[in-house]
Amino acid sequence: YDPVFQEVTMGSDTLTAAFRAAIDDKDVKAILFRIDSPGGSYVASDTIWREVANARKAGKPVIVSMGDVAGSGGYFVAIPADKIVAHPATLTASIGVVSGKFITTNFWDKLGISWDEVHTSTNAQIWTGLHDFTPEQWAKFESELDRVYEDFTSKVAEGRKLPKEEVLKIAKGRVWTGEDAKALGLVDELGGFAVALKLTRQAAGLSADEKIKLKEFPAKKSLIQKLLAEEPDSSEPVARALQLLRPFVRIARQTGLLARPEDVLVMPQ
């Protein structure tokens, strides 16, 4: 939860733990995975992808229900599911990878701030914002992006049972509506949560009128559990707010807007 922008993010730690809990729960017959995400970290997406695949290997069918957006990493995590359901207007696919870095040299020059550096290897500066990529670093950077793109497209081909050549034609970061994605074989059904729930019931081998119980993962903590927890949930928004403010505080100190404690030696960040 981001207290500054009041947004909730799909985190790989939380989601993978939720999937493992659902896999271990003997009462869970099938998993309905709701996705509303424009994507993000490749590592986080791949981590969630693996848990979705592990759920299927454990005999727990996974049905994905897409919200307004399930693109890039949001589509990546849906690939191993048994069925994918999207609204006709859902923005999805965006099978591609993008990365880069900000060059902040001019910014610091305008503030009159200079930087020194100590490093021990040729590519230690590859992600610094003070210098652009060297030709060797650029080649390394591009090779990493190529590897991610190859992995993404290969997993789409395998998970959706599509020829790799067809996937490459519809990939390249293109965003498709749910209706177009269904025609291209990227999703299975059009509809909302109700359609996904119907498919989940079928995947669990239940009849149309048989009663089911929906269990949320991760499980919500009771008030007593929150009070007894070592790190109560109520402290998380404060901690995250402080994390967001720390970079601005550092810059304010470095530019002299905030005074440093007296008689203290501080190593620059």
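As a reminder, the structure under discussion sits directly above these lines.
Residues numbered from 1 in each chain as written. Predicted model: local features only at pLDDT ≥ 70, side-chain atom pairs only at ≥ 80, totals over all residues. Heavy atoms only, no water.

### Things to note about a nonpolar patch on the surface
Then step 1. Taken together, the side chains of L242, L245, F248 and V249 present a nonpolar region at the surface, about 390 Å² in accessible area.
Then step 2. Within the fold, L245 resides in helix 10 (residues 236–254). (Patch = residues over 30% accessible without salt bridge, like charges linked within 9 Å, V, L, I, M, F, W, Y side chains within 5 Å. Areas by Shrake-Rupley, 256 points an atom, 1.4 Å probe, with all protein chains shown as cover. Salt bridge = Lys/Arg side-chain N within 4 Å of Asp/Glu carboxyl O. Helix = DSSP H or I, 4+ residues; strand = E, 2+ residues; numbered from the N terminus.)

### Describing the side chain of K60
Then step 1. Turning to its location among the elements, K60 is positioned in the loop between helix 2 (42–57) and strand 2 (62–71).
Then step 2. Look at K60: it is buried, it has no salt bridge, and the nearest opposite charge is D25 at 6.3 Å.
Then step 3. Only 3.0 Å separates the side chain of K60 from the backbone oxygen of D25, close enough to count as a polar contact.
Then step 4. Ignoring any residue separated from it by four or fewer positions in sequence, one finds K60 in contact with A22, I23, D25, V28, K29, I31 and A55. (Buried < 20%, exposed > 50% of the residue type's maximum accessible area, 1.4 Å probe, protein only. Lys, Arg positive; Asp, Glu negative; His and termini not counted. Polar contact = N/O pair within 3.5 Å; in protein donor to acceptor, adjacent residues only side chain to side chain. Contact = heavy atoms within 4.5 Å.)

### A word on the packing of helix 2 against helix 5 (residues 135–159)
Then step 1. Remark: helix 2 packs on helix 5, axes separated minimally by 12 Å, with the N-to-C direction vectors making an angle of 30 degrees. Between helix 2 and helix 5, the interaxial angle falls into the category roughly parallel. Between helix 2 and helix 5 lies a crossing of left-handed hand. Where helix 2 abuts helix 5, its residues Y42, D46 and W49 lie against R147, V148, D151 and K155.
Then step 2. Here the contact of helix 2 with helix 5 is built from residues that sort into three nonpolar, no polar and four charged. (Axes fitted to C-alpha atoms, helices over the stretch in contact; angles between N-to-C directions. Parallel < 35°, antiparallel > 145°, perpendicular 65-115°, else oblique. Left-handed = near helix turned anticlockwise from the far one by under 90°. Nonpolar A, V, L, I, M, F, W, Y, C, P; charged D, E, K, R; others polar.)

Everything listed here is a matter of geometry and, on its own, says nothing about what the molecule does.
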